[in-house]
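# Notes for the structure review
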Amino acid sequence: MATSKFQPKDGRLLAVVLLLIVLLLIYLVGVHWWFVAPQLQFASDMQDLRDQQLKYSRIIEQQGDIERRLGEVKAYEQGNPAFMAESDRNAAEAALIQRLKQAMTDHVKNEARCQNNGTQSYAGAQEEVYLRVTVQARLKCDLEPLAAILQDLESGKPYLFVDQVMIYKQQTYRRPNVKVAPQPLDVRFNLTGYLRQPGKSK
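So, here is what we can say about the structure in this document. (Residues numbered from 1 in each chain as written. Predicted model: local features only at pLDDT ≥ 70, side-chain atom pairs only at ≥ 80, totals over all residues. Heavy atoms only, no water.)

## Observations concerning unusual backbone geometry
- For the peptide bond that leads from Lys 157 to Pro 158, omega is -5°, which places it in the cis range.
- When you line up the elements, Pro 158 lands in the loop between helix H4 (143–155) and strand S3 (161–168). (Helix = DSSP H or I, 4+ residues; strand = E, 2+ residues; numbered from the N terminus.)

The following block contains the structure:
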């Protein structure tokens, strides 16, 4: 009769292994998921809160410096000469017309050769980030003073912009062998400035 290879010590080893497996399953099912895992999650949440607290405390420490810089930016914007100083559209339009008249006064030597034939407000421009104010001007002017006037308008402060320039040459009947003085050019353009006010939402 053959003897069995299974020894009592093998049975004890198997029992120990099975006991360890059972204890591990009991731990996983009864202890880890109910007690340990929530504690680990709680510890992780606490660490996240500590990190956020540290981040916000650093921001709070920099609050004074941030407010100072914002004040500097606001002061710069208030003193920025690029914008017109007027507070509303009507006043700004009047200022644009006055600026045109002043430029003509400074550069026109012969009023018969350069005249303002009218200005009117223009509200058809596309809205922009800042409030845009435009007037349409029509001049009867020779080329030389016209060039000086336009340069004056675009090179001063606050910043103004001349666009949609249209120039027409007057056609006159000339008799043969009779000299006729050239007629001033018929000039139309838009003169635009910006107010430090929002024109539309970004």
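## Description of the packing of helix H3 (residues 89–107) against H4
- It is at 9 Å that the axes of H3 and H4 come closest, and there the two elements cross at 135°. Here H4 runs oblique to H3, going by the angle between their axes. Judged by the twist between their axes, the crossing of H3 over H4 is right-handed. Contact with H3, carried on its side by Arg 99, Leu 100, Ala 103, Met 104, Asp 106 and His 107, involves Pro 145, Ala 148, Ile 149, Asp 152 and Leu 153 of H4 and no other residues of that element.
- Per-class residue counts for the contact of H3 with H4 are 7 nonpolar, 1 polar and 3 charged. (Axes fitted to C-alpha atoms, helices over the stretch in contact; angles between N-to-C directions. Parallel < 35°, antiparallel > 145°, perpendicular 65-115°, else oblique. Left-handed = near helix turned anticlockwise from the far one by under 90°. Contact = heavy atoms within 4.5 Å. Nonpolar A, V, L, I, M, F, W, Y, C, P; charged D, E, K, R; others polar.)

## As for the pairing of strand S4 (residues 185–198)
- In terms of residue burial, S4 counts as a mostly covered element, since 10 of its 14 residues are buried.
- Summarising the sheet, strand S2 (residues 130–141) and S4 pair through 12 bridges and their orientation is antiparallel. Along S4, the bridge assignment pairs Leu 131 with Leu 195.
- As paired elements, S3 and S4 share 6 bridges and run antiparallel to each other. Pairing of Ile 167 across the sheet is with Val 187, part of S4. (Buried < 20%, exposed > 50% of the residue type's maximum accessible area, 1.4 Å probe, protein only. Pairing = 2+ DSSP bridges.)

## Quick word on the state of the cysteines
- This model, assessed by the stated rule, comprises 1 disulfide.
- The disulfide that involves Cys 114 links it to Cys 141, with 2.0 Å between the sulfurs. Across the S-S bond linking Cys 114 and Cys 141, the dihedral sits near -95°, which makes this disulfide left-handed. Residue Cys 114 is found in strand S1 (residues 114–122), and its partner Cys 141 is found in strand S2; the two are separated by 27 residues along the sequence.
- Note on Cys 114: relative accessible area 4%, which makes it buried.
- Its relative accessible area of 0% is what places Cys 141 among the buried residues. (Disulfide = S-S within 2.5 Å.)

## Re H4
- In a regular helix each residue adds 1.5 Å, so 13 residues correspond to 18 Å; H4 covers 18 Å between its end C-alpha atoms and thus fits that length.
- Of the positions making up H4, those classed as buried are Pro 145, Leu 146, Ile 149, Leu 150 and Leu 153. Across the axial projection of H4, the buried residues extend over an arc of 135°, all falling on one side. Every exposed residue of H4 that faces more than 90 degrees away from the buried side is listed here: Leu 143, Glu 144, Gln 151 and Ser 155.
- Of the surrounding elements, those touching the buried residues of H4 are H3, S1, S2, S3 and S4. (Expected span 1.5 Å × (residues − 1). Arc of directions from axis to C-beta.)

## Concerning the nonpolar core
- Grouped together as the largest cluster of nonpolar side chains are 25 residues, with contacts concentrated most on Leu 100, Ile 149, Leu 153, Phe 189 and Leu 191.
- Contributing elements (two or more residues each) for this core: H3, S2, H4 and S4.
- Of all the elements, S2 adds the most residues to this core, at 6 residues.
- In contact with Leu 153, not counting residues within four places along its chain, are Arg 99, Leu 100, Ala 103, Leu 160, Val 162, Phe 189 and Leu 191. (Core = buried A, V, L, I, M, F, W, Y, C linked by side-chain atoms within 4.5 Å.)

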